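Geometric and topological summary
Take a look at the letters that make up each chain.
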Amino acid sequence: MRTPLITVIVSYTIAIVGLTLMPGVDDLGNPWHMSLFEAFYVISYTATTIGFGEVPFPYSDAQRLWMTFSIYLTVIPWFYAIGKIISLFQDPALKQALTTNSFARAVDHLHEPFFIVSGYGETGSLLVKALDHKGIRVVVTEVNQDRVNDLELEDYQFDIPALCADAKMPDTLLRAGVRHPMCKGIAALTDNDHVNLAVAVAAKLLNPNLTVLARAEDDDVAANMASFGTDHILNPYTLFGDQLGTEVHAIGTYLLHKWLTGVPGDTLNLPKVPPIGKWIVCGYGRFGKAVVENLEREQITTVVIEADPELTHCENCIVGSGTEASTLKEAGIENAVGIIAGTNSDINNLSIVMTAQKMNPNLFVVVRKNRRFNEPLFEHFNADISMDPSDIIAHECLARMITPMMTHFLQLVRTQDNNWANQLISRLVGVVGESVPDAWGVTVDTEHSPAVANLISWGLPVTLDALTRDPGNRTQKLDLVPLMLVRSGQYFLLPEVTEALHVGDRLLFCGSSTAKSAQPITLSNHKTLTWIINGREIADGWLWRWATRKITRWRKSLRPQGKHSAK
């Protein structure tokens, strides 16, 4: 902009100074010259082609001659400068700079906890939608501008700051708020393992205390992530294989896992139980290997069909894609109980299961979905189980982001038998119905639950039962279930409501959204908590609290100590 601005300034200066030198006459016929202000005023409306006429007096021939010269001297540079300004604002580099600055300001102005999602693809969009639905702020970085445009068109309840930039660059992560005091974590969910690795490593180096979740399908990349302290490494194929194995031998445990990692409010449909017998697995890539490993762990016989055995290191398999009837017949499709179409091509997977069902209509069908835009095809086919990597990763990230304690709980659930899981499911259904419940954690301390922590420190016992009561009606229970108690590094599943709470305890609850919103009243209000515990209405003020502490200490001092005191 330097040259256009200098041109305009120089042309204006020449026109204004020259106009003040041109002789004129006033309304009385006396010689008259314009002042600098009058000349500036006249040149301004002349150069912009507005035109107000000859003011304040009719011009002389000399003034009109100079005005004619000034029109050409100023109008042309003015249009030249305007054209340069317009082209400058259309420059992609300037647009990116303005967008980046606006993004950084929006992140700096966040005053509530938020997560960073790197990659707004199929997985990232599902996770952002779920977090926004739960009222959690999100910041997005995405290298593809078309995906950023899609995000801006979505109808989210919050304004989501989004930047089209490479998340591998440390500057991008810093602008996204990786060091922001309210940033709770970052999820690297691009479709490139090496990009996810770079994001995870950079995030840990920039903020070692930040929770980092990363998607990794390659074992070497996952090991590299683990060496840098990545908190959660998610492989969709390993997760699905593990879930499929659990679904075979412990449907209750599988259902409980799906329920507690689902999006709150969604209705959980009862899954179909995979049969036990011979299974045919088409495709021995990362997905196929994970499935075969988990099925064989459950003592299920598998026959593998692979088109490129050398590439996948498949030593004992039938060579073929699985779309041919002859290959399926060689694998023994007639006496198989199930088939898994797990190649990296959606069309091939659909072709495999359609050919297989023609040869054996009673097959249990598991099909892998690679691209979400093909979902209408899979819905029309209606397989028994559809494996969607994006959906699996999004649900796992959601559970780890919202309630970190849920990860430990689900790990402990796997150590329980199927009957234990079924009993917990029945209890949850009786409390919250068949919709996916909310899950949240509570820490007993002066910051998160001051009423509970203070009453305990004053010597008044507080049991878990008090936190399950309705603050508006102490005789009624809230629609919630205590899932786990963490005390001094030990984990206790389904604690009894008679359990006395200690300062420093951490609790995991699940229940209705109404119960989740009502419980903080009990946690923070001394008057409400005391009324729930003993039914007494107390004066709410600092004087009463001071007197209560004094009386409590006095009573404790009067209690007999040991056998000698008792005697």
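Summary of the structure given here. (Residues numbered from 1 in each chain as written. Predicted model: local features only at pLDDT ≥ 70, side-chain atom pairs only at ≥ 80, totals over all residues. Heavy atoms only, no water.)

**Quick word on a nonpolar patch on the surface**
A cluster of nonpolar side chains, M1, L5, I9, I82, I85, I86, L88, F89 and L98, forms an exposed patch at the surface whose accessible area comes to about 770 Å². When residues of the nonpolar patch are traced back to their parent elements, those giving at least two are α1 (2–21) and α3 (61–89). A per-element tally of the nonpolar patch places α3 first, with five residues. Within the secondary structure, M1 is located in the segment before α1. A residue is classified by how much of its surface remains accessible, and M1, at 37% relative accessible area, is partly exposed. (Patch = residues over 30% accessible without salt bridge, like charges linked within 9 Å, V, L, I, M, F, W, Y side chains within 5 Å. Areas by Shrake-Rupley, 256 points an atom, 1.4 Å probe, with all protein chains shown as cover. Salt bridge = Lys/Arg side-chain N within 4 Å of Asp/Glu carboxyl O. Helix = DSSP H or I, 4+ residues; strand = E, 2+ residues; numbered from the N terminus. Buried < 20%, exposed > 50% of the residue type's maximum accessible area, 1.4 Å probe, protein only.)

**Some thoughts on helix α2 (residues 36–47)**
Between its first and last C-alpha atoms α2 spans 16 Å; for 12 residues at 1.5 Å apiece the expected length is 16 Å, and the two agree. In this fold, the buried residues of α2 make contact with α1 and α3. Positive phi shows up at T49, right after α2, with a value of about 65 degrees. (Expected span 1.5 Å × (residues − 1). Contact = heavy atoms within 4.5 Å.)

**Concerning the side chain of S60**
Counting through the fold element by element, S60 comes out in the loop between α2 and α3. The class for S60 is buried, based on a relative accessible area of 18%. If sequence neighbours within four positions are ignored, S60 has contacts with P23 and G24.

**A look at the sheet that holds strand β12 (residues 338–341)**
Strand order in the open sheet formed by six strands is β11-β10-β9-β12-β13-β14, with parallel pairing between adjacent strands. What marks the edges here is a single partner per strand, and that holds for β11 (318–319) and β14 (385–387). Bridge count for strand β13 (residues 364–368) against β14 is three bridges, and the pairing is parallel. Looking at β14, one finds that R368 is bridged to M387. Strand contacts of helix α10 (residues 236–249): β12, β13 and β14, with the helix running at about 160 degrees to β14, the strand carrying the most contacts. (Pairing = 2+ DSSP bridges. Axes fitted to C-alpha atoms, helices over the stretch in contact; angles between N-to-C directions.)

**Some remarks on the pattern of salt bridges**
This model, assessed by the stated rule, comprises 15 salt bridges. We note a salt bridge from K204 to D231, for which the minimum N-O separation is 3.1 Å. A residue pair is termed long-range when its members are at least 10 positions apart, and K204 in helix α8 (residues 193–206) and D231 in the loop between α9 (219–227) and β8 (232–234) qualify at 27 residues. The class for K204 is buried, based on a relative accessible area of 11%. By sharing partners, the salt bridges in this structure join R215, E217 and R286 into a single network.

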